[in-house]
Amino acid sequence: MTTWIKHFRQVNTEDRSCLGGKCYALAALARAGFLIPEGTCIGFDAYKRFVAESKLSERIHFELGRKKFEDMRWEELWDLSLRIRNMFINSRFPTDLKAELKEALEATFGDEPVVVRSSAAGEDSRDRSFAGLHESYVNIRGTESILNHIKLVWASLWSDRALLYRQELGLSAENSVMGVVVQKLVAGQVSGVAFSQSPESPDDALIEAVYGLNQGLVDGTVEPDHWVVDRESGAVLSHRPASRMEVMMPGVEGLELVSLDGADTQRPPLDEKKLTAVLEMAMRAETAFGSPQDVEWTYAGENLYTLQSRPITTLKHGRKEDERAWYLTLTRSFENLKILRKRIEEDIIPGMDEEARNLEGANLDRLSEAELSAEIYRRSKILDRWTKAYWADCIPFAHGMRLFGQVYNDMMRPKDPYEFMELLSGESTLGLERNRMLEAMADMASSTPALARLLKENKGLDVYPRFKALLDAFIDKYGAISRAGAEEPPPQEAHRKIIGLVLEMARRSSARKEVPVRDRERLVSDFLSKFLGPREQVGKDLFDLARASYRWRDDDNIYLARIEAETARAVALGRQRLAARLGIEAGGITVEDVSHALRDPQYRPVVQVQPEEKPTADRQFSLRPRQLTGLPAGPGIGTGPAKVVMHSDDLYGFKSGEVLVCDAIEPEMTLVVPMAAGIVERRGGMLIHGAIVAREYSIPCVTGVPNAAVLIHSGDKVTVDGYLGIVIIEEDQSQ
Amino acid sequence: MDKKEIKALLSDLFARQALAVLATQASHGPYATLVGFTATQDLRHIFFVTSRSTRKYAALESNPEVSMLIDSRTNQVSDFRDAVAVTALGKAHEIDKEENKDIVGLYLTRYPHLEDFVLSPTCALIRLEVVKYIVVTRFQHVMTLDLIS
């Protein structure tokens with residue numbers, strides 16, 4: 001007699017509360033005579049047994065309470081989710097649970113490929129459908145692999161997406177549970193979704209179909225043919241054909257995107273007869289469940305399988321909802337990431353580079369005020385266009401690293417969930433190249449006292465042509481880089497600031513400490529050796545994609561920052577002209593007003609004045625931090641005086657041995673990192689720029705410290721504990 | 001958390017917790033005991049009572065510098081993450097019960113069952129003048145609230 005696993009035909013109405021929405025809906029479909037792939041349900045009790053035996057509940061509670069949810073960025077939720085996922089991966093099944101599941105799975109599936117799907121409590125109910133918050137795995141083969149994927153589905157109760165919707169889901173370590181569906185994989189030739197009632201038009205139904213499996217349709221990688229049909233008559237009201245280039249098929253394990261056969265590219269995936277059959281199935285599901293349904297289906301030969309049916313629910317989109325919906329789009333499939341990479345490498349980066357060069361080469365001084373106004377407008381539009389491309393493609397491409405991390409952890413089960421970053425470090429990024437140039441200049445200055453003296457005295461460098469060439473090349477390549485707001489200084493000013501940095505760098509003794517190449521090579525080789533036979537190339541492709549994702553994560557920012565700096569340069573010149581003409585302090589004039597006032601001599605721009613901060617009324621108490629918590633983003637311990645950096649310009653005053661404290665490190669700010677004793681950042685995440693560059697230089701780093709740059713003051717003596725993720729602020733002895 | 005939030009957290013914690021751990025230091029070494037306590041609204045003073053024949057009274061007489069721990073633990077695993085622990089640091093001195101009847105009243109409102117003990121001539125009313133609070137939340141997040149005289 002089994003207690004933890006049931007076949008669909010054993011499930012009855014009262015099981016709903018212990019199996020989850022998807023299990024229950026599939027069993028109900030089977031009872032109502034729908035053709036569904038054979039399968040089993042693993043109830044909530046199995047999850048409870050697993051987390052109780054491995055004490056995961058307490059550990060999850062501890063992780064969830066690390067900081068207030070409202071203070072966490074999505075990246076931090078993703079990190080949190082990764083850590084919890086790793087706990088599941090590294091926890092063993094209780095013997096009795098494993099024995100029972102193993103026996104039932106072997107008897108039902110043998111070595112046939114299966115789909116392992118989530119079935120959360122309350123999921124797919126009439127009021128809410130949290131599609132895509134939890135994980136499903138397609139084309140899994142063998143009992144051991146199925147068991148491992150059951151753990152991953154359980155872990156997805158704590159996915160980053162689920163954590164975003166934690167309030168609606170009522171997520172808590174003590175009470176939340178997850179069921180699992182394991183079904184035979186039906187490798188259909190045509191698949192899709194059907195809405196028995198269109199959300200826009202109640203008399204219509206919607207059907208979308210693709211060749212192959214429907215995972216490509218669901219994650220947006222494969223464009224579907226789209227039909228609007230009359231619910232009553234079944235008459236086709238409109239058909240929007242797709243470009244039909246590719247098809248998602250089962251690979252050796254998992255899925256792969258392959259080119260579609262020539263003839264199929266010209267033929268819609270559904271003919272009239274099959275379209276009618278899909279509509280009828282959706283309408284029958286609506287009758288069976290008593291409300292309009294969103295149905296997933298697949299055709300294997302002439303057999304129409306129902307894969308899932310859930311009520312159509314419309315999410316109410318408030319502003320916060322919109323932000324969360326955007327974050328949901330950041331989880332991309334391997335195939336989708338490959339498409340993004342192609343676009344970034346072939347269009348976006350070369351395009352931004354060319355754009356930046358053109359802008360940098362323009363002589364703005366020659367422009368009249370009206371021409372400068374037009375140029376500011378033009379540059380703002382250019383910046384807007386590239387910013388949109390950056391958000392649409394570059395940010396989602398960072399998921400390549402995350403996907404790699406998940407696969408790495410699944411295969412290698414490392415104790416440290418971020419071990420995968422060691423395989424990626426050492427990639428040649430623009431930021432590291434720039435720092436190497438600075439370090440080369442610093443080495444020259446420290447080994448040649450006469451040169452250092454000339455630099456300090458700001459004298460001509462003609463007697464040191466090699467240094468001068470390096471400095472000129474640096475300024476040429478990176479000198480214009482600064483974020484909008486901190487505008488481009490005149491060339492001699494840029495020289496002076498860079499030389500200041502070089503001299504400061506020359507004072508420090510230690511060189512960059514990298515992860516030893518041999519260790520990295522061994523980790524890479526161990527990882528790739530897990531991909532055997534025909535899967536060998538899959539491992540190599542994934543690693544290659546992750547490296548590109550790691551590299552572009554910094555570089556795309558640097559290219560975009562060049563365009564930002566060029567836009568800021570035109571605005572700064574506009575402000576200078578207005579200040580001279582109108583005799584006003586033009587720093588507080590908005591970009592729009594600068595442009596307006598330049599083209600219209602009669603227009604008097606509004607100068608914004610920052611309101612002064614009122615001192616706090618409470619003089620009875622003084623509050624100061626003693627120890628702040630964040631995430632351990634770079635191992636090690638470092639102590640030194642804090643240097644709070646609020647603007648890019650503050651970087652030039654950075655001294656060797658100081659602890660860099662800031663709100664958020666942008667890639668163009670990382671040039672001082674090699675000198676830092678430690679890094680503290682308000683913005684949280686293990687894969688953010690600050691954390692990545694800290695690991696490259698083996699510098700202790702703590703990220704995700706709320707209000708770090710407000711609570712810590714320049715000059716405070718701080719210790720950064722990059723092992724525990726805490727920052728200790730030394731007591732002022734005078735207090 | 002800002003000052004206002006921290007002060008609200010302290011007031012709430014002091015109202016909810018019945019006992020505090022008093023740590024004294026004297027020639028026989030450090031010594032910790034449980035005491036009932038009450039704090040003033042402005043958080044400047046914490047009061048407790050003790051018999052004059054106790055070790056802690058003797059310790060206070062020789063060294064008035066004390067610390068007092070007030071926390072919200074519930075003896076569950078979740079305490080590691082969820083419990084708040086506040087350490088008050090300052091100097092403690094006996095004050096006259098007759099001259100501070102309002103304080104005695106305040107204390108007895110909180111601990112009415114201790115009336116005989118508190119009003120006994122051998123029982124001393126002690127005032128801790130707080131210099132600073134060290135507030136620990138979320139396991140390792142530590143803030144210091146200094147009281148400015």
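A.B. asks: Any chance you could explain helix α2 (residues 55-62) of chain B here in plain terms?
C.D. replies: Residue and element names in this part refer to chain B. Among the residues making up α2, those that are buried are Lys56, Tyr57, Ala59 and Leu60. With its buried residues spanning 160 degrees around the axis, α2 presents them on a single face. Turned more than 90 degrees away from the buried face of α2, the exposed residues are Arg55, Glu61 and Ser62. Residues of α2 that are buried sit in contact with β1 (19-26), β2 (29-36), β4 (45-51), β5 (65-71), β6 (85-95) and β7 (123-137).

A.B. asks: Would you take a moment to explain the interface of chain B and chain A for this structure?
C.D. replies: Where the parts come together, the accessible area they lose is often given as the size of the interface. Taken together, the contact pairs 25 residues of chain B with 25 residues of chain A. Buried area between chain B and chain A, summed over both chains or domains, comes out near 2,400 Å², and the portion from carbon and sulfur atoms is 53%. In this assembly, chain B and chain A are joined by two salt bridges. The salt bridge involving Lys132 of chain B is made with Glu731 of chain A; its shortest N-O contact spans 3.6 Å. Linking chain B with chain A are 13 residue pairs in polar contact (both at pLDDT 80 or more), by the criterion used here. If you list the elements that add at least two residues to the side of chain B that touches chain A, you get α1 (3-16), α3 (79-82) and β8 (141-147) of chain B. A total of seven residues in the side of chain B that touches chain A trace back to one element, the largest contributor, which is β8 of chain B. In terms of residue class, the side of chain B that touches chain A is made up of eleven nonpolar, four polar and ten charged. By the bridge criterion, six bridges tie strand β14 (residues 621-629) of chain A to β8 of chain B in an arrangement that is antiparallel. Across the sheet, Gln627 of chain A pairs through a bridge with Val142 of chain B, a residue of β8 of chain B.

A.B. asks: What is the right way to read helix α25 (residues 689-696) of chain A from this model?
C.D. replies: Each turn of an α-helix holds 3.6 residues, which means side chains three or four residues apart point in the same direction. Across the eight residues of α25 of chain A, eight count as buried, placing the element largely inside the fold. Count one or two residues on from α25 of chain A and you reach Ser698 of chain A, which has phi positive near 55 degrees.

A.B. asks: Please clarify how the side chain of Arg535 of chain A should be interpreted in this entry.
C.D. replies: Position of Arg535 of chain A relative to the elements: it lies in the loop between α22 (517-528) and α23 (536-582). Non-local contacts of Arg535 of chain A, meaning those with residues more than four positions away in its chain, are made with Val252, Glu253, Met411 and Lys530 of chain A.

A.B. asks: When you look at the sheet that holds strand β7 (residues 204-211) of chain A in this model, what are you seeing that I'm missing?
C.D. replies: The pairing of strands in a sheet comes from backbone hydrogen bonds and takes either a parallel or an antiparallel form. Residue and element names in this part refer to chain A. The six strands lie next to each other as β9-β8-β7-β6-β12-β13, forming an open sheet whose pairing is antiparallel. Where the open sheet ends on each side, the last strands, each with one partner, are β9 (236-240) and β13 (303-311). Within this sheet the neighbouring strands show an average axis-to-axis angle of 15 degrees, counted without direction. Across six bridges, the pairing between strand β6 (residues 190-195) and β7 is antiparallel. Counted as the bridge partner of Phe195 is Leu206 from β7. Running over the sheet, helix α12 (residues 272-289) touches β6, β7, β8 (225-230), β9, β12 (293-300) and β13 and is turned about 140 degrees from β12.

Criteria and cut-off values
Residues numbered from 1 in each chain as written. Chains lettered and ligands numbered in written order. Predicted model: local features only at pLDDT ≥ 70, side-chain atom pairs only at ≥ 80, totals over all residues. Heavy atoms only, no water. Buried < 20%, exposed > 50% of the residue type's maximum accessible area, 1.4 Å probe, protein only. Helix = DSSP H or I, 4+ residues; strand = E, 2+ residues; numbered from the N terminus. Arc of directions from axis to C-beta. Contact = heavy atoms within 4.5 Å. Buried area = accessible area lost by both parts, 1.4 Å probe. Salt bridge = Lys/Arg side-chain N within 4 Å of Asp/Glu carboxyl O. Polar contact = N/O pair within 3.5 Å; in protein donor to acceptor, adjacent residues only side chain to side chain. Nonpolar A, V, L, I, M, F, W, Y, C, P; charged D, E, K, R; others polar. Pairing = 2+ DSSP bridges. Axes fitted to C-alpha atoms, helices over the stretch in contact; angles between N-to-C directions.

Nothing here speaks to function; it is all geometry.
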